[in-house]
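Given next are the chains, with one letter for each unit.
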Amino acid sequence: MASLKELRNRIASVKATQKITRAMQMVAASKLRRAQAAAEAARPYSSRMNAVLANLATTFSGRDDAPALLAGTGRDDVHLLVVCTAERGLCGAFNSSIARLARDHAVRLTSEGKTVKILCVGKKGYDILRRRFPKQIIELIDLRAVKRLAFTDADKVGQKVLDLYAEGAFDVCTVYYAEFKSVISQVPTAQQLIPAEIKVDPESAGEGAAYEYEPDEEAILADLLPRNLSVQIFRALLENAASEMGAKMSAMDSATRNAGEMIDALTLNYNRTRQAQITKELIEIISGAEAL
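This structure is a prediction, so every number in the text was calculated from the model and none was measured. (Residues numbered from 1 in each chain as written. Predicted model: local features only at pLDDT ≥ 70, side-chain atom pairs only at ≥ 80, totals over all residues. Heavy atoms only, no water.)

1. Focus on a nonpolar patch on the surface
Okay, so step 1: Among the surface-exposed residues, Ile 278, Leu 282, Ile 285 and Ile 286 lie close enough to one another that they form a single nonpolar patch of about 370 Å² accessible area.
Okay, so step 2: Tracing the backbone shows Ile 286 in helix H6 (residues 217–291).
Okay, so step 3: Relative accessible area serves as the criterion here: at 48%, Ile 286 is assigned to the partly exposed category. (Patch = residues over 30% accessible without salt bridge, like charges linked within 9 Å, V, L, I, M, F, W, Y side chains within 5 Å. Areas by Shrake-Rupley, 256 points an atom, 1.4 Å probe, with all protein chains shown as cover. Salt bridge = Lys/Arg side-chain N within 4 Å of Asp/Glu carboxyl O. Helix = DSSP H or I, 4+ residues; strand = E, 2+ residues; numbered from the N terminus. Buried < 20%, exposed > 50% of the residue type's maximum accessible area, 1.4 Å probe, protein only.)

This is the structure in structure tokens:
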């Protein structure tokens, strides 16, 4: 049985931990509002760009002169997985769920005889995946110094992907991130970037509007496709930022409640131990008095 001093030290230690987890929960809640607003603001822009690209892509459907980012290399041998995770932990299963999705896809591709290369954006994903794929990871992009995500941060990642594609390093590129739904729901998502996977919004699919472009479609696509790559990566990073804060808020709330339950259990144990010692001392006093 633990001594009273040991129990007092444990109670004090858990109370200190509870204060930390409660403070981290409050910080995550304050950051969540801004991160959620940024993620929701990026969704319409990303959706409308997809609609424009979908309209332009129909012009090049089945043509041999389609842009490389739209048509691809014509092969499916080498896959680049861009895995976006957080730089820090203490956010529940947020990082591991994204890494697990990327890992499962990498295992499936490898079993099919494909070559897999991994570009990690965020240290936590790198730490998880390097245990299983140490040779497949080609680079880690560290964003710990970034206080607030900007488009330039995503553009650097996009430019790295474009440079690798220009070198012929891969045929297909897919980005992995967590789409923010709510504080308790973040959905691991895989989105193909190259060849561009254009999805039309169902609400605008039936509009059927005709457009005249100046300059021509080929010149517009040459500018929009690389920009769309960075836009989709930026959206993935913003969704991740909101998902990370939501997951951290939920995890710290659970940790705070668990600490409270542990404090209650330790306090009950402390009171019982103290009462047992008092009873023992009284019995010894009474026994000694009766002996006299």
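2. Some thoughts on the packing of helix H5 (residues 151–166) against H6
Okay, so step 1: Two elements in contact, H5 and H6, have axes whose closest approach is 8 Å; the angle formed by their N-to-C orientations is 125°. With respect to H6, the axis of H5 lies oblique. Once H5 is placed against H6, the crossing between them reads as right-handed. Each of Phe 151, Ala 154, Asp 155, Val 157, Gly 158, Val 161 and Leu 162 in H5 lies in contact with H6, whose residues at this interface are Pro 226, Leu 229, Ser 230, Val 231, Ile 233, Phe 234 and Leu 237. (Axes fitted to C-alpha atoms, helices over the stretch in contact; angles between N-to-C directions. Parallel < 35°, antiparallel > 145°, perpendicular 65-115°, else oblique. Left-handed = near helix turned anticlockwise from the far one by under 90°. Contact = heavy atoms within 4.5 Å.)

3. Some thoughts on the nonpolar core
Okay, so step 1: Leu 80, Val 82, Val 121, Val 161, Phe 170, Cys 173 and Ile 194 are the most contacted members of the largest nonpolar core, which has 47 residues in total.
Okay, so step 2: Of all the secondary-structure elements, those providing two or more residues to this core are helix H1 (4–57), helix H2 (68–71), strand S1 (78–84), strand S2 (115–121), H5, strand S4 (172–182), strand S5 (185–194) and H6.
Okay, so step 3: If one sorts the elements of this core by residue count, H6 sits on top with 13 residues.
Okay, so step 4: When residues no more than four places from it in sequence are discounted, the contact partners of Val 161 are Leu 80, Val 82, Leu 119, Phe 170, Cys 173, Ile 194 and Leu 229.
Okay, so step 5: One finds Ile 98, Ala 99, Leu 129 and Ala 247 within the second-largest nonpolar core, a separate group that totals 19 residues. (Core = buried A, V, L, I, M, F, W, Y, C linked by side-chain atoms within 4.5 Å.)

4. Overview of the pattern of salt bridges
Okay, so step 1: Applying the stated rule across the entire model yields 14 salt bridges.
Okay, so step 2: In this structure, Glu 244 and Lys 248 form a salt bridge, with 4.0 Å as the shortest nitrogen-oxygen distance. Of this pair, Glu 244 and Lys 248 both sit in helix H6, four residues apart, which is roughly one turn of the helix. The pair formed by Glu 244 and Lys 248 is uniform in burial state, with each residue classed as buried.

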